Amino acid sequence: MPEHTSFLTHLVLAHMKETLAANAEALGETFVGHHAPTWHSFEPIATSLMIFVILLAVAAYVRGKLAAVDQAVVPDESLTVRTFAEVFLDYFYTLAKDVMDAERAKKYFPLIATSACFVFCANVMALLPGFPLATTSLSITLGTALVVFLVFNFWGLKENGFGYIKHLAGPVWYLAPLVFPIELISLFVRPATLALRLMLNMSVDHLLLSIFMGFLTVLVPIPVMILGCIVVLVQTLVFTLLTCIYIGLATEHEEHHH
């Protein structure tokens, strides 16, 4: 490594190496089973289950608030759980409508909203140093990305039938031997890029926050926490935007591709 690199660069690279090694070991235990599972391997799963319970509780609370006619029409005067949920979901619903038409956005919004809520809640934990962070685990981010991958391909086949596969072969038949392998590789790389982008960004952000929170000066970690908030929002937006794009491309009817 070059001599001019800083201690922070060393720490970040070392943490990334440890994270990748831990993820590889956890995946090896899952698929090969040579080692006995440890609490460290179950920690991301336990965190994900906790997020699942929190989201269910929030959903039940907001649904109860919206059940009353007067409460459903009149917004709360201050920022509450209900108003935050409405603004949050409305933003991503508008995003989905911008990517695809309103009919498809409404039809496929449950998956889009669920992925946005899960990734956001998991990323928020990066602002709490020492707290188990689900999105630093490749098994969690890859599992989330695979759900999106399987569902949008299923919807693409359901909407377009064989035309969905035919579209991967390109516009003209004589280019199919060249275009089809490239499109197929591009299709199967999508869950890996979704998972790795989210995992690496959140791992580095959580490391930086943990380092600066360890300083004695109270004001030092504040800029890093502000940066962490931006990273949380951006990574949630990127994951959800790509989910919308993949669903929109898969479910777009064949005649619109041309």
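Scroll up a little and you will see the structure.
Residues numbered from 1 in each chain as written. Predicted model: local features only at pLDDT ≥ 70, side-chain atom pairs only at ≥ 80, totals over all residues. Heavy atoms only, no water.

1. Notes on the pattern of salt bridges
Consideration 1: One pass over the full model with this rule turns up three salt bridges.
Consideration 2: Note that Asp101 and Arg104 form a salt bridge whose closest N and O atoms lie 2.7 Å from each other.
Consideration 3: Looking at Asp101, the relative accessible area reads 35%, which means it is partly exposed.
Consideration 4: With a closest N to O distance of 2.8 Å, Lys107 and Glu159 form a salt bridge. Of this pair, Lys107 sits in helix H5 (residues 102-124) while Glu159 sits in helix H6 (residues 138-160), placing them 52 residues apart in sequence. (Salt bridge = Lys/Arg side-chain N within 4 Å of Asp/Glu carboxyl O. Buried < 20%, exposed > 50% of the residue type's maximum accessible area, 1.4 Å probe, protein only. Helix = DSSP H or I, 4+ residues; strand = E, 2+ residues; numbered from the N terminus.)

2. Some remarks on the packing of aromatic side chains
Consideration 1: Inspection of the entire model under this criterion finds ten aromatic pairs.
Consideration 2: A ring pair is formed by Phe84 and Phe120, whose centres lie 6.0 Å apart and whose planes are at 35 degrees; its orientation type is tilted. Here the residue Phe84 occupies a position in helix H4 (residues 81-99), and Phe120 occupies one in helix H5, the gap between them amounting to 36 residues.
Consideration 3: Phe84 sits in the partly exposed class, given a relative accessible area of 41%.
Consideration 4: For Phe120, a relative accessible area of 14% gives the class buried.
Consideration 5: Ring geometry for Phe149 versus Phe152: centroids 5.7 Å apart, planes at 90 degrees, classification edge-to-face. Residue Phe149 and its partner Phe152 are located together in helix H6, separated by three residues, close to a single helical turn. The pair Phe149 / Phe152 is uniform in exposure class, with both members buried.
Consideration 6: Feature note: the residues Phe84, Phe88, Tyr91, Phe92 and Phe120 constitute an aromatic cluster, connected by ring pairs. (Phe/Tyr/Trp six-rings, centres within 6.5 Å; stacked < 30°, edge-to-face > 60°.)

3. Some thoughts on H4
Consideration 1: When the terminal C-alpha atoms of H4 are compared, their 27 Å separation across 19 residues agrees well with the 27 Å that a helix rising 1.5 Å per residue should span.
Consideration 2: Every buried residue of H4 is listed here: Arg82, Thr83, Ala85, Phe88, Phe92, Leu95 and Ala96. (Expected span 1.5 Å × (residues − 1).)

4. Re the packing of H5 against H6
Consideration 1: Look at H5 against H6: their axes get within 12 Å of each other, and the N-to-C directions meet at 170 degrees. Taken together, the axis directions place H5 and H6 in an arrangement best described as roughly antiparallel. Taking contact as the criterion, the partners of Lys107, Tyr108, Leu111 and Phe118 in H5 are, on H6, Ile140, Thr144, Val147, Val151, Trp155 and Glu159. (Axes fitted to C-alpha atoms, helices over the stretch in contact; angles between N-to-C directions. Parallel < 35°, antiparallel > 145°, perpendicular 65-115°, else oblique. Contact = heavy atoms within 4.5 Å.)

5. Quick notes on the layout of surface pockets
Consideration 1: What the largest pocket holds in volume is close to 880 Å³.
Consideration 2: If you go around the largest pocket, you meet 31 residues; those closest to its centre are Leu55, Ala113, Cys117, Phe118 and Cys121.
Consideration 3: Mapped by element, the contributors of at least two residues to the lining of the largest pocket are helix H2 (39-67), H4, H5 and H6.
Consideration 4: Among the residues forming the lining of the largest pocket, the class breakdown is 25 nonpolar, five polar and one charged. (1 Å grid on protein atoms, 1.4 Å probe; cavity = no way out; pocket = protein on both sides within 12 Å on 5 of 7 lines; lining within 4 Å. Points joined across faces, edges and corners; volume = space filled by probe spheres on them. Nonpolar A, V, L, I, M, F, W, Y, C, P; charged D, E, K, R; others polar.)

6. So, the state of the cysteines
Consideration 1: A full pass over the atoms with the stated rule returns zero disulfides.
Consideration 2: Take Cys117: it sits in no disulfide, and the sulfur closest to it among the cysteines is that of Cys121, at 6.4 Å. (Disulfide = S-S within 2.5 Å.)

7. Some details on the packing of H4 against H5
Consideration 1: Where H4 contacts H5, the axes come no closer than 9 Å and their chain directions differ by 130 degrees. Taken together, the axis directions place H4 and H5 in an arrangement best described as oblique. For the crossing formed where H4 meets H5, the hand is right-handed. Residue-level contacts link Phe84, Phe88, Leu89, Phe92, Tyr93, Ala96 and Lys97 of H4 to Ala102, Ala105, Lys106, Phe109, Ile112, Ala113, Ala116, Cys117 and Phe120 of H5. (Left-handed = near helix turned anticlockwise from the far one by under 90°.)

8. Section: the nonpolar core
Proteins that are soluble and globular tend to have nonpolar side chains buried together.
Consideration 1: Ranked by size, the top nonpolar core spans 50 residues in total, and within it Met100, Ile112, Phe152, Met202 and Ile247 carry the most contacts.
Consideration 2: Secondary-structure elements contributing two or more residues to this core are H4, H5, H6, helix H8 (176-213) and helix H9 (221-251).
Consideration 3: Sort the elements by how many residues they give to this core and H5 lands first, with twelve residues. (Core = buried A, V, L, I, M, F, W, Y, C linked by side-chain atoms within 4.5 Å.)

9. Brief notes about the environment of Arg190
Consideration 1: For Arg190, the location among the structural elements is in helix H8.
Consideration 2: Given the relative accessible area of 18%, Arg190 is considered buried.
Consideration 3: As a C-alpha pair, Arg190 and Val148 span 42 residues in sequence and 9.8 Å in three-dimensional space.
Consideration 4: The contacts of Arg190, once residues within four sequence positions are left out, are Phe152, Tyr246 and Leu249.

10. A closer look at the side chain of Thr240
Consideration 1: Residue placement: Thr240 occurs in helix H9.
Consideration 2: Here Thr236 takes part through its backbone oxygen, which lies 2.7 Å from a polar atom of the side chain of Thr240.
Consideration 3: Apart from the residues within four sequence positions on either side, Thr240 is in contact with Phe92, Ile112 and Ala116. (Polar contact = N/O pair within 3.5 Å; in protein donor to acceptor, adjacent residues only side chain to side chain.)

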